[in-house]
Amino acid sequence: AFGVIADIQFADAEDGHDFGGCRRRYYRHSLRLLREAVREWAGESPPIDCVLQLGDSIDGQNARRGEAESALQQVLEVLGQLSVPVHHAWGNHELYNFSRERLVRTGLYSRPAGGSDGPADRECHAYHCSPAPRLRLVVLDSYDTSTLGRDPGSPRYQESLRVLREKNTNDDLNSPEGLKEPHFVAFNGGFSQAQLDWLDEVLKFSDENQEKVIVMAHVPIHPCASNGVCLAWNYEAALSVIHTHRCVVCVLAGHLHDGAYCQDLHGVHHLTLEGLIETPPDSNAFGTVHVYEDKMVLKGRGRIPDRVMHF
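Described in the following lines is the structure provided in the data block. Note that the structure is predicted; figures quoted are calculated from it, not measured. Residue numbering note: each chain is counted from 1, following its sequence as written. Residue-level local features of this predicted model are given only where pLDDT is at least 70; pairs of side-chain atoms are given and counted only at 80 or more, and the full residue set underlies all totals for whole chains, interfaces and linings. For side-chain calculations, the full set of non-hydrogen atoms in the structure is used, while hydrogens and water are omitted.

Focus on the layout of surface pockets
Which entries qualify depends on this criterion: Both site types are read off a 1 Å grid over the protein atoms alone. A 1.4 Å probe that fits but cannot get out defines a cavity, while an open set with protein on both sides within 12 Å along at least five of seven lines defines a pocket; lining residues have an atom within 4 Å of a point. Grid points are joined across faces, edges and corners, and a volume is the space filled by probe spheres set on the points. Per the convention used, a helix needs a DSSP run of H or I reaching at least four residues, while a strand needs a run of E reaching at least two, with both numbered from the N terminus. Basically, the charged four are Asp, Glu, Lys and Arg, the nonpolar ten are Ala, Val, Leu, Ile, Met, Phe, Trp, Tyr, Cys and Pro, and anything else, Gly included, counts as polar.
Of the pockets and cavities examined, the largest pocket occupies roughly 590 Å³. D18, F19, R25, F187 and C230 are the residues nearest the centre of the largest pocket, which is lined by 24 residues in total. The greatest single-element share of the lining of the largest pocket, amounting to 3 residues, is contributed by helix α4 (residues 92–97). Residues that form the lining of the largest pocket fall into these classes: 7 nonpolar, 9 polar and 8 charged. Taken as a whole, the second largest pocket holds about 280 Å³ of empty space. As for the second largest pocket, its lining consists of 14 residues, and the residues nearest its centre are P133, R134, L135, V291 and Y292.

Some points on the packing of helix α7 (residues 193–208) against helix α8 (residues 235–243)
Formally: Here, axes are lines fitted to C-alpha atoms. For helices the fit covers the stretch in contact, and angles between N-to-C directions go from 0 to 180 degrees. Oblique is the label for any angle not covered by the other classes, which are roughly parallel (under 35 degrees), roughly antiparallel (over 145) and roughly perpendicular (65 to 115). Left-handed describes a crossing whose near helix is turned anticlockwise from the far helix by less than a right angle; the clockwise case is right-handed. The contact criterion used is simple: two residues touch if any of their non-hydrogen atoms lie within 4.5 Å.
Here α7 crosses α8 at 20°, and the two axes come no closer than 9 Å. What the angle tells us is that α7 and α8 run roughly parallel. The element α7 and its partner α8 pack so that their crossing is right-handed. Residues L196, L199, D200 and L203 of α7 form the contact with α8, whose own contacting residues are A237, A238, V241 and I242. Grouping the constituent residues of the contact of α7 with α8 by class yields 7 nonpolar, no polar and 1 charged.

Description of the side chain of R150
Operational definition: What qualifies as a polar contact is a pair of N or O atoms within 3.5 Å, subject to a donor-acceptor requirement within protein and to the restriction that residues adjacent in sequence count only when both atoms come from side chains.
Within the secondary structure, R150 sits in the loop between β7 (135–139) and α6 (155–167). A polar side-chain atom of R150 sits 3.0 Å from the main-chain carbonyl oxygen of D144. Once residues within four sequence positions are removed from consideration, R150 is found in contact with R100, E123, D144, R156 and Y157.

Quick notes on the sheet that holds strand β10 (residues 260–263)
To be explicit about the condition: Strand pairing follows a simple DSSP-based rule, namely that at least 2 bridges must link the two strands.
The mixed open sheet is built from 6 strands, whose spatial order is β6-β7-β8-β9-β11-β10. Taken across any chain shown, the strands that pair with only one partner, and hence form the sheet edges, are β6 (127–132) and β10. Each neighbouring strand pair of the sheet contributes to a mean axis angle of 15°, computed without reference to strand direction. The pairing of β7 with strand β8 (residues 212–216) spans 5 bridges and is classified as parallel. Pairing of V139 across the sheet is with M216, part of β8. Contacting β6, β7, β8 and β9 (248–253), α7 crosses the sheet at an angle of about 175° to β7.

A word on α8
This is how it is decided: Burial classes: relative accessible area under 20% of the type maximum marks a residue as buried, over 50% as exposed, and values in between as partly exposed (1.4 Å probe, protein chains only). Directions from the helix axis toward the C-beta atoms define the arc.
For α8, the full list of buried residues reads Y235, A238, L239, V241 and I242. End-on view of α8: buried residues confined to an arc of 160°, all on one side of the axis. Summarising the contacts, the buried residues of α8 are in contact with α7, β9 and β11 (269–272).

Shown next as structure tokens:
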């Protein structure tokens, strides 16, 4: 069993709204809701084995307020009350606050320190582990190709900007307006070929060892588990790798605060979790997933509905 939560986006700030100005965001309350989630996870029976934090743990406005370090510390302190590992995905809001080089030296870097569990690039926050026999968790870095968190003078930044400008002709690169492929916006990102090659090798190993695999990333990789905008740039390439193998049963993501779900034609479940940040203080948005031989059962709280996903 494991806990799941997405888009905490904590800031010690008054309530605000999304970029469109119409959806309420409860910046300060998100920390209190996270405490509630941690309390419930701690009392689960049977006990949970880990928690998956699907990205955007703090809000981008912390950078402007000079409070990125303190906000992150407060979130990590709450999660640190758990006696089980927490696996972190990196989202766009982490990269609004910190460079990739800095994130590697924070508590959000949950990639193990040694061994061959991730790509050669240590700043790529992708890795795999086995939380239970014949079960593997793969954490993907959906901003490996991105203009966020990189030095504008670096080749990786320049290449990401080229990819983005090729598809997005708007002055505001965060705007999907009028685009044929509206997911090519700066608040999304993609997977490098090196990361996809690494993923292919991990899934090959899991196939050979009859493992079930759960994949997590911040950005959804299936259009039907998205709104058409909140989608990884090269989602087709990631899906192609996953569909080449038999082992993947579920892909978990955040980023789209409304949440979404689909089961694709290959039988893979794509679950995008509702965001904590847009959850009113009298509700919540987290869940506990119980994994069985033939299914996963999500027990949702507040905005997150219960769900049974058969393999």
